[in-house]
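Below are the chains, spelled out letter by letter.
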Amino acid sequence: MEAIYLDHASAMPIHPKVWEFAEPFLRKGFGNPSSTHSVGSEAKKVVEEARGKIADFINAEEAQCIVFTSGATEANNLAIKGAAVRNMAQGKEIGASAIEHMSVLNPMKELQKSGFQLNRIPVDATGIVSAERLSEMVSQETTVTSVMYANNEIGTVEPIGEISEIVHQRGLYFHVDATAAAGRIPIDVQKDGIDLLTLSSNDLYGPQGAGALYIKKGIKLQTVLPGGGQERGLRSGTENIFAIAGMGQAARIAKDEMEQETNRLKTIRNKLIEEIQKIDQAYLTGHPAQRLPHHVSFRFSGIEGESIVLNMDMGYNIQVSTGSACSSKTLEPSHVLLALGLKHEEVHGSMVITLGRSNTMKQIPLITKAVKETIERLRILSPLYKGDQS
Ligand code: PMP
């Protein structure tokens, strides 16, 4: 049975054109960009070229606004702790939407332990941040407010431009985690009014092990990783040349291919949603229209998400997810689904499909058949399933 991979939010294969571009740097591009000899200079050139490509991808003012990190988690930590600690004199309030990724919420909780006040901004039943509550919660003491461009578990895309205006009416900096959105929808940091923006290489079909933080020109952050002073002193440590070169090329390719690929995936997404919605007590999670073009997320009553994942994998060689791969180990109910106002017993049967380059229209009947049979089979075994409630 041929595998159908539907979990691109957790990990993506490297784009063949990225691999072709970056492979030589893995084989022989071993230089250290901080070395002054020619091998070092060559490595530095590679890093700077990649920086330029990322800046161009999000329309940053200049290449120097991009700081490379090891991934999105590190970029989120640098943005939040870096902005909050550096600007403590102005205030000790920080804010985040209730549906942020743990790599945003956990650094904020850590700051809370050292005396910062954390305001969690609620969302509506589709995951859209409440503009009213946001404007009540941001004050002159709020140094960093974080709202993700789009949510990885429910696919909802936030009205970032409007949120930026509200944040900047009183607060200081606006941080946006664009890990799930980048490469799927166009991002323009200047037009969107973003001060700090997180990107991940792998979510652009680049190699794992690289990420980036956009820092608006003029903004100063506290370093979270002191050392040899690389990346403007904000993120010390010898650069991962292969991953950085690959990330730059992935951003360039994403810019070129995004529109066409997005339209293709949207057609598959819409058909899948239409088909899965026919299943009894299947509820789409997230926003029905303001959603990522590759994102299909449902919850099914009476069953367990982990069983859906295992059944789909072992029975059909189809890989889906229950939500966030990063918190799947805890088996805790998803904080994202709870924030939508769902009850504990309603959030367990969640299934997330994130489409990618390998998915085609031809796979739709196989996927829908597998989902329907899986849900049916698990419900027969489930004491919690109450049958047709319509
Ligand atoms: N933010 C979001 C929205 C994510 O989905 C993820 C996971 N892909 C991260 C941050 C963290 O990414 P990483 O584990 O690559 O650091």
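Because the structure is predicted, anything quoted here is derived from the model rather than measured. (Residues numbered from 1 in each chain as written. Predicted model: local features only at pLDDT ≥ 70, side-chain atom pairs only at ≥ 80, totals over all residues. Heavy atoms only, no water.)

Caption draft 1: Spatial organisation of the environment of Val-224. As for its position among the elements, Val-224 is in the loop between strand S8 (211-215) and helix H8 (241-276). Given the relative accessible area of 32%, Val-224 is considered partly exposed. For the pair formed by Val-224 and Leu-78, sequence separation is 146 residues and the distance between their alpha carbons is 5.9 Å. Leaving out residues up to four positions away in the same chain, Val-224 has contacts with Asn-77, Leu-78, Lys-81, Gly-82 and Leu-234. (Helix = DSSP H or I, 4+ residues; strand = E, 2+ residues; numbered from the N terminus. Buried < 20%, exposed > 50% of the residue type's maximum accessible area, 1.4 Å probe, protein only. Contact = heavy atoms within 4.5 Å.)

Caption draft 2: Quick look at helix H2 (residues 38-57). Relative to the 28 Å expected for 20 residues at 1.5 Å per residue, H2 spans 29 Å between its end C-alpha atoms, a close match to the ideal helical length. All of the buried residues along H2 are Gly-40, Ala-43, Val-46, Val-47, Ala-50, Arg-51, Lys-53, Ile-54, Ala-55 and Phe-57. Along its buried surface, H2 packs onto helix H1 (16-27), strand S2 (66-69), strand S7 (196-200) and H8. After H2 finishes, the residue Asn-59 shows a positive phi value of roughly 55°. (Expected span 1.5 Å × (residues − 1).)

Caption draft 3: Inspection of the packing of helix H9 (residues 305-316) against helix H11 (residues 364-381) at higher detail. The geometry of H9 relative to H11 is characterised by a closest axis approach of 10 Å and an angle of 125° between their N-to-C directions. Classified by the angle their axes make, H9 and H11 are oblique. Considering how the two elements wind past one another, H9 and H11 form a crossing that is right-handed. Here H9 contributes Ser-307, Ile-308, Asn-311, Met-312 and Tyr-316 to the contact with H11, which in turn contributes Ala-370, Val-371, Glu-373, Thr-374, Ile-375, Arg-377 and Leu-378. Along the lines of polarity and charge, the residues of the contact of H9 with H11 split into seven nonpolar, three polar and two charged. (Axes fitted to C-alpha atoms, helices over the stretch in contact; angles between N-to-C directions. Parallel < 35°, antiparallel > 145°, perpendicular 65-115°, else oblique. Left-handed = near helix turned anticlockwise from the far one by under 90°. Nonpolar A, V, L, I, M, F, W, Y, C, P; charged D, E, K, R; others polar.)

Caption draft 4: Representation of the site of the ligand within the structure. As a structural note, the neighbourhood of the ligand is formed by Ala-9, Ala-72, Thr-73, Asn-76, His-101, Ser-103, Met-148, Asn-152, Asp-177 and Thr-179. Taking Ala-72, its main chain carries an N or O atom lying 3.4 Å from an oxygen atom of the ligand. One of the side-chain nitrogen or oxygen atoms of Thr-73 is found 2.6 Å away from an oxygen atom of the ligand. Within the complex, 81% of the 400 Å² of free accessible area of the ligand lies under protein. The dominant element in the shell around the ligand, judged by the number of residues it contributes, is helix H3 (residues 72-86), at three residues. Grouping the amino acids of the shell around the ligand by side-chain chemistry returns three nonpolar, six polar and one charged. (Near = heavy atom within 4 Å. Polar contact = N/O pair within 3.5 Å; in protein donor to acceptor, adjacent residues only side chain to side chain. Areas by Shrake-Rupley, 256 points an atom, 1.4 Å probe, with all protein chains shown as cover.)

Caption draft 5: Geometry of the sheet that holds strand S5 (residues 142-146). The strand order across the open sheet formed by seven strands is S2-S8-S7-S6-S5-S3-S4, and the pairing between neighbours is mixed. Each edge of the sheet is formed by a strand with only one pairing partner; in this case those strands are S2 and strand S4 (117-121). The mean angle between the axes of side-by-side strands here comes to 20°, regardless of whether they run parallel or antiparallel. Where S2 and S8 come together, four bridges link them in antiparallel fashion. Across the sheet, the residue bridging to Val-67 is Leu-213, located in S8. Where helix H6 (residues 160-170) meets the sheet, its contacts fall on S5 and strand S6 (173-177), and the angle it forms with S6 comes to roughly 150°. (Pairing = 2+ DSSP bridges.)

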